[in-house]
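# Observations on chain architecture
One-letter residues, chain by chain:
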Amino acid sequence: MSPENSSEPPARDAAGHRGITPRPVFDQLPAYAAGKPPKVVEGLRQFKLSSNENPLGPVPAVAEVIDAFRDTHLYPDPLSTRLREALAGQLEVPAEDIVTGAGSLGALTQILAAFAGQNTDGVQDEVVYPWRSFEAYPIVVGLAGARSVQVPLSDDGGNDLEAMAAAITERTTVVLLCSPNNPTGPALTRDAVEAFLAKVPEHVVVVLDEAYYEFCRLSELTERERAEGGLAEGVSLYREHLNLVVLRTFSKAAGLAGLRVGYSIAHPEITRSLRVSATPFAVSTLAESASVAAIAHQEEIDEQVRWIVAERERIVAALREDGWQIPTTRANFVWLPLGERSAAFAQLAEEHALSVRAFHPEGVRVSVGPREANDRFLEICRHFRERV
Ligand SMILES: *Cc1c(COP(=O)(O)O)cnc(C)c1O
């Protein structure tokens, strides 16, 4: 047990005990702060608008599969064969190009474990990603042993692809793109991603996180988005780019966040390594069965997504009418760039039995919920504006 290679002996306290300490990177990792449940307020129904969950829940056919599930005593198929084959049929890609994980976060962890970390010379690989973006990114990058290179968002709240391309160095092994960007909402256009990929060295793995893909697909596009080739679609981009990995999930549109199932799509040069880094049995049979049923009932899920997108557009229109300047959202949430007033807004929402996600002092992210919740949110927004 003697630390032969380290020059300093491990620190001991006065009594000579060594103490149990994690790796040094743990001092720098932010803890994931999950969306909080709403507070109980007398006379008000509570709503959680802080985790971008599907407020309608799984569609009936999927709920039935979950209700009927009994095989909890059996280990799952480690390769999620049924799910990968169902996805292959739906997406028209080879099943070999799909790797499943415990949520798309599980799939992302596999990618980082395979392609980003600390090298034998002690130097860290760099992972470039937009910031503010998904708050799990700095955690999973840090855990992999790699160095985070955070690139500020552009003024419209989207990933700043020019700045991100400029941030790539000799040490960069992975770039994360988030479209639509969580928590601000804008999605990347096809032309913008193509232009970006043309600048990225081909040995750098580019991950396109499409956790909210379904909401984009069923959104009406702006003129600018249409002029730039429409919104980026990972599945069509990966066909042309050997270094692109698409991340998708059943957590958001399909309403299966609690079951933890997501996947990546990439060429065999990449998936070969992901199968090695994947946690064995990460996707349960229940999650697999439910997601296979979700694929079979995509039409019904699309109906839900259309409803959520319509509610989102109603919220955005009402906010803009009231003078709010908010980014164009292509996901199931809206972003209020409230700056220093973010915490105060979250507090006011809490007093009205709504939990929202404050990223103080940047802004507040609010998920589209049931109509009653959305109406109350809009009322709070009006009230909040009048207060200042
Ligand atoms: C919610 C979310 C995910 C991950 O969700 P899983 O439940 O792990 O599939 C990944 N990326 C972004 C941007 C998200 O918002």
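Residues numbered from 1 in each chain as written. Predicted model: local features only at pLDDT ≥ 70, side-chain atom pairs only at ≥ 80, totals over all residues. Heavy atoms only, no water.

You'll find the protein chain entered in an unreviewed UniProt entry as Histidinol-phosphate aminotransferase, with Rothia kristinae given as the organism. For the protein chain, the Sequence similarities (unreviewed entry) comment in UniProt is given as "Belongs to the class-II pyridoxal-phosphate-dependent aminotransferase family. Histidinol-phosphate aminotransferase subfamily." The UniProt entry for the protein chain carries the following comment under Catalytic activity (unreviewed entry): "L-histidinol phosphate + 2-oxoglutarate = 3-(imidazol-4-yl)-2-oxopropyl phosphate + L-glutamate". (UniProt positions renumbered as here; feature names shortened; annotations may be inferred.)

### With respect to the overall build of the protein chain
Looking only at helices and strands, the protein chain features 14 helices and 12 strands. Here the C-alpha radius of gyration of the protein chain, 22 Å, is about what a compact globule of 388 residues would show, namely 21 Å. Classification of the 388 residues of the protein chain by burial places 52% in the buried group. Within the protein chain, contacts between residues at least 6 apart in sequence are counted, and of these 72% link residues at least 24 apart. For the protein chain, the exposed area adds up to about 18400 Å²; of that, 52% sits on carbon and sulfur atoms. (Helix = DSSP H or I, 4+ residues; strand = E, 2+ residues; numbered from the N terminus. Rg over C-alpha atoms; globule rule 2.2 N^0.38 Å. Buried < 20%, exposed > 50% of the residue type's maximum accessible area, 1.4 Å probe, protein only. Contact = heavy atoms within 4.5 Å. Areas by Shrake-Rupley, 256 points an atom, 1.4 Å probe, with all protein chains shown as cover.)

### Focus: the confidence of the model for the protein chain
Per-chain confidence: the protein chain averages 95 in pLDDT, with 97% of residues scoring 70 or above. Segment residues 1-6 is flagged for pLDDT under 50; beyond a separation of four residues in sequence, or across chains, it makes 2 contacts in the model. (pLDDT = per-residue confidence, 0-100.)

### What to know about unusual backbone geometry
A cis amide bond links Ser-179 with the next residue in sequence, Pro-180, at an omega value of -5 degrees. Within the element layout of this structure, Pro-180 appears in the loop between strand S5 (172-178) and helix H6 (190-199). Note the cis peptide between Asn-182 and Pro-183, where omega equals 15 degrees. Mapped onto the secondary structure, Pro-183 falls in the loop between S5 and H6.

### Thoughts on the pairing of strand S12 (residues 363-367)
Taken across its 5 residues, S12 has 5 buried, putting it largely inside the fold. Pairing analysis gives 4 bridges linking strand S9 (residues 333-336) to S12, with the strands arranged antiparallel. Residue pairing in the sheet places Phe-333 in a bridge with Ser-367 of S12. Across 3 bridges, strand S11 (residues 357-359) lies against S12 in antiparallel orientation. Along S12, the bridge assignment pairs Phe-359 with Gly-363. Between S11 and S12, which pair antiparallel and follow one another directly, the connecting turn spans 3 residues. (Pairing = 2+ DSSP bridges.)

### Section: the UniProt feature "modified residue: N6-(pyridoxal phosphate)lysine" (unreviewed entry) in the protein chain
This chain's UniProt record puts "modified residue: N6-(pyridoxal phosphate)lysine" (unreviewed entry) on Lys-252. Topologically, Lys-252 is positioned in the loop between strand S7 (244-249) and strand S8 (262-265). With relative accessibility at 14%, the residue Lys-252 sits in the buried group. The residues touching Lys-252, leaving out its near neighbours within four places in the chain, are Ser-51, Asn-52, Asn-54, Ala-211, Tyr-212 and Phe-215.

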